[in-house]
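# Per-entry structural report
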Amino acid sequence: MKYLKIVPVFVGLLFFSCSNKNIELIKTADKTTNVVDYVNPLMGTDSDYSLSNGNTYPVIATPWAMNFWTPMTSKMGDGWAYKYDANKIRGIKQTHQPSPWINDYAAFSLMAVTGDLKFQEDERESWFSHKAEIAKPYYYSVYLADYDVLAEVAPTERAAQFKFTFPEANKSYIMLDAFFKGSMVKIIPEQRKIIGYSRNNSGGVPENFHNYFVAEFDKDFEINHTWTDGWKLIENSTSSTGKHVGAIIGFKTKKGEVVHVKIASSFISPEQAQLNLSREIGSDSFEETKEKAKQTWEKELSRIQVEDDNVDNLRTFYSSLYRVLLFPRKFYEFDKSNNVVHYSPYNGKVSAGYMFTDNGFWDTFRAVFPFFNMMYPELNSHIMDGLANTYKESGWLPEWASPGHRDCMVGSNSAPIIADAFLKGSKNKDAELLLEAMLKNATIEEGRPVSSVGRAGLSYYNSLGYVPYNVGVNENVARTLEYAYADFTIAKMAQKLGKTTIADTYLKKSLNYKNVFDTSTNLMRGKNKEGDFQSPFNPLKWGDAFTEGNSLHYTWSVFHDIQGLMDLMGGKEKFASKLDEVFQMPPTFDNSYYGQTIHEIREMQVANMGNYAHGNQPIQHMIYLYNYANQPYKAQSRIREVLTKLYAATPDGYCGDEDNGQTSAWYVFSSLGFYPVTPGVNQYVIGSPLFKKATIHLENGNTFEIGAKNNSKSNFYIQSASLNGKGYSNSFLNFDDIQKGGKLEFNLGDTPNKDWGSKPENVPYSLSNELKN
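All residue numbers here refer to positions counted from 1 along the written sequence of the relevant chain. Note on the predicted model: pLDDT of at least 70 is required for a residue's local features to be given, and 80 or more for side-chain atom pairs to be given and counted; whole-chain, interface and lining totals, by contrast, use all residues. No hydrogens and no water enter the side-chain calculation; it runs on all heavy atoms of the structure.

## Structural notes on the side chain of Ser-731
The cut-off we apply is this: Secondary structure elements follow DSSP: runs of H or I no shorter than four residues count as helices, runs of E no shorter than two count as strands, and numbering proceeds from the N terminus. The cut-offs for exposure are 20% and 50% of the maximum accessible area for each residue type, with area from a 1.4 Å probe on protein chains only; residues under the lower value are buried, those over the upper are exposed, and the others partly exposed. Any two residues whose heavy atoms approach within 4.5 Å are treated as being in contact.
Considering the arrangement of structural elements, one finds Ser-731 in the loop between strand E37 (726-727) and strand E38 (732-734). The exposure class assigned to Ser-731 is buried, which follows from its relative accessible area of 0%. In contact with Ser-731, other than residues within four places in its own chain, are Asn-627, Pro-632, Val-685, Ile-686, Trp-756, Asn-762, Val-763 and Pro-764.

## Concerning the layout of surface pockets
Put simply, the rule is: Cavities and pockets are found on a 1 Å grid laid over the protein atoms alone: a cavity is a set of points where a 1.4 Å probe fits but cannot escape, a pocket is an open set with protein on both sides within 12 Å along at least five of seven lines, and a lining residue has an atom within 4 Å of such a point. Grid points are joined across faces, edges and corners, and a volume is the space filled by probe spheres set on the points. By the convention adopted, Pro, Cys, Tyr, Trp, Phe, Met, Ile, Leu, Val and Ala count as nonpolar, Lys, Arg, Asp and Glu as charged, and the other residues, Gly among them, as polar.
The calculated volume of the second largest pocket comes to roughly 490 Å³. In this structure, the second largest pocket is lined by 25 residues; those nearest its centre are Trp-101, Met-409, Glu-548, His-599 and Glu-600. Top contributing element to the lining of the second largest pocket by residue count: helix H16 (residues 599-606), with 3 residues. Of the residues in the lining of the second largest pocket, the class split is 10 nonpolar, 8 polar and 7 charged.

## Here's the deal with helix H17 (residues 632-645)
Residue pairs three or four apart in sequence face the same way in an α-helix, which turns once every 3.6 residues. Spelled out, the test is: The length a helix should cover is 1.5 Å for every residue beyond the first.
Taking 1.5 Å per residue as the helical rise, H17 with its 14 residues ought to reach 20 Å, and the 20 Å between its terminal C-alpha atoms agrees with that figure. Buried residues of H17: Pro-632, Tyr-633, Ala-635, Gln-636, Ile-639, Arg-640, Val-642 and Leu-643, and no others. Where the residues of H17 are buried, they touch helix H18 (662-672), strand E36 (717-723) and strand E39 (742-749).

## Remarks on the pairing of E36
For clarity, the cut-off: Here, any two strands with at least 2 DSSP bridges between them count as paired.
Burial analysis of E36 places 5 of its 7 residues in the buried class, which makes it a mostly covered element. Here E36 folds back onto E37, and the loop between the two strands holds 2 residues, one of which, Asn-724, carries a positive phi near 55 degrees.

## Points about the packing of helix H6 (residues 368-375) against helix H7 (residues 377-394)
When two helices pack together, you describe them by how their axes are tilted relative to each other and by the distance separating the axes. Under the convention used in this document: Axis geometry follows a simple rule: fit a line to the C-alpha atoms, using only the stretch in contact for helices, then measure angles between N-to-C directions, giving values from 0 to 180 degrees. What sets the label is the angle itself: under 35 degrees gives roughly parallel, over 145 gives roughly antiparallel, 65 to 115 gives roughly perpendicular, and the rest give oblique.
Axis separation between H6 and H7 bottoms out at 6 Å; the angle between their running directions is 125 degrees. The orientation of H6 relative to H7 falls into the category oblique. Together, Phe-369, Phe-372, Asn-373, Met-374 and Met-375 of H6 and Pro-377, Asn-380 and Ile-383 of H7 make up the contact between the two elements. Partitioning the contact of H6 with H7 into residue classes produces 6 nonpolar, 2 polar and no charged.

Here you go:
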């Protein structure tokens, strides 16, 4: 079988422009396909509250866009806006939702109907079929069967174009639902416009929060209606303001008549919304907007070229990469002078500079931001600028933002994100300020806007070296472990800035993980204020001292000092045996803390991989830890199993929450052959590449190539490796070696080579080894 090989059509990929028609292509045996067309935005949409196969929705947008668009199969306010097994659509909405658990904000929708006017969401919904639906990152199309209308949308960063193809009808309508929790609409017939705002949110906004929108049509309005609270229709009206309002415009249509809508929004002002529309769409046709969005995706996705004889692997890779490139959201705009400005979701003011949002760092510090540092250092520098602005405007670093501070998850994971960017060369004028912000998290507990910001239980952590089990601070062991790792990253950043006293202090604090390690069980365990371990102890108990996991999952959360953890367990063999145990035991669990079997537990249970819970983030790095015990062949086997068993470019293609690109980033990194176990360290831990060849086009203009000879379904064990033509036995890869460009070549086989990566010097970084030297 021929490889599905990417043909390099041009040199200088990073200078690709939206007007360049010579986009990179994948060539199959009989046709040529754009890389972006391997993406399935429906991957992960077959999910619900009880079992997540991704908890995603089809995002129709450009990378990191301020606004996304998605079809709605569910009611307004339902976090599961699009459910794959649904059969009716209520509209296509502008969405900013990062997670169904966080829910949406600033949403509104468009919907077309014909015949008798139906505008209430339960009445206007139309039957549809996936057979008459097209979902691409740059384009969405659906046939609204009840109305014989084809609805299409193509996006820009802050705007979009809609295209409605109507049947012959005396009564055809397009309605704009401005949603609940405060909205306004105004129809301006003489300008063929609807303007207004939506204020819906799920928290994290100032009092003056608005999403201002403007919609321009290319057909005269013959009918103007609005509705107000309680779905009360106000006929022949052009404006409405209330808790939940909407606008309806109507006209006669001929068979096949097309009505276009150009629409944009702004968090700053109505005038800025109009500016966004004029700048991003202007006089462009629908097809031009669609093509620009397509080429934008083609540019970004083609930065990594993979070759394989299995088209499903290509689909899964590029569908996962698409998810990695969606969040965090650009929450900034360009003013009349083309200066970067943003409405602050922290103080309600409009200020200069960058702002990003819709991200939970508890998830994304692990692989998403390390991916940006490898592939998008300039973007990540802007994100760091945004974090500095958040600190200036709220007094704290964010941990979960949507769009402002939200009370979700634990840890102090802004620290590794900032440190990793700084240590890998991010250009940021506010490095000193960001270190100040990191230190504030580590020293001040009072005045936090929500409990997830800063460090809950800080006074105990700083006085005892751990957050106690019996002082009313939940998930205390998880917090202790994550604080200790954050302290390590603070130390490393302070070290590079020449602040040796701070560095020494926080290196010592980073060893606090040892305080919650129980040598009698070789596991992490809750510890009381008095110094004794909590009892009774069940390592299978989810929650309680841990976050969405149990002790078997969190014991490995010592990202910076695996050697130290290994020493506590009694050496490499006992360490590796404990790793084995997680996979070999049945998927038993204790759900008593939650009082129900939460979806994360169920996803572990049904995967048939023991107590390994890949569907949630705390354990996703665990497989790579075999390398530290000089048993990388075990990691190679397990990684291939997860890549091929738990991921697919299908509606049920994830094994748990996708979470802002993190679970996808695991796939992207792991399929390339390495993973960032320790952000804040200049290494990646080597696994086993999925592809025969992968070529990474770096932002600095260099190219790094990864080859895998004899790669196949059964050949995934590394027999030997070379880096730039020289034999390579380390089970890690240096960040600088990638950035310089070069070639990493693996020779794979179907049996383990226990000699490769087996020497003490072959293991990745651990703090304990650094302290010994």
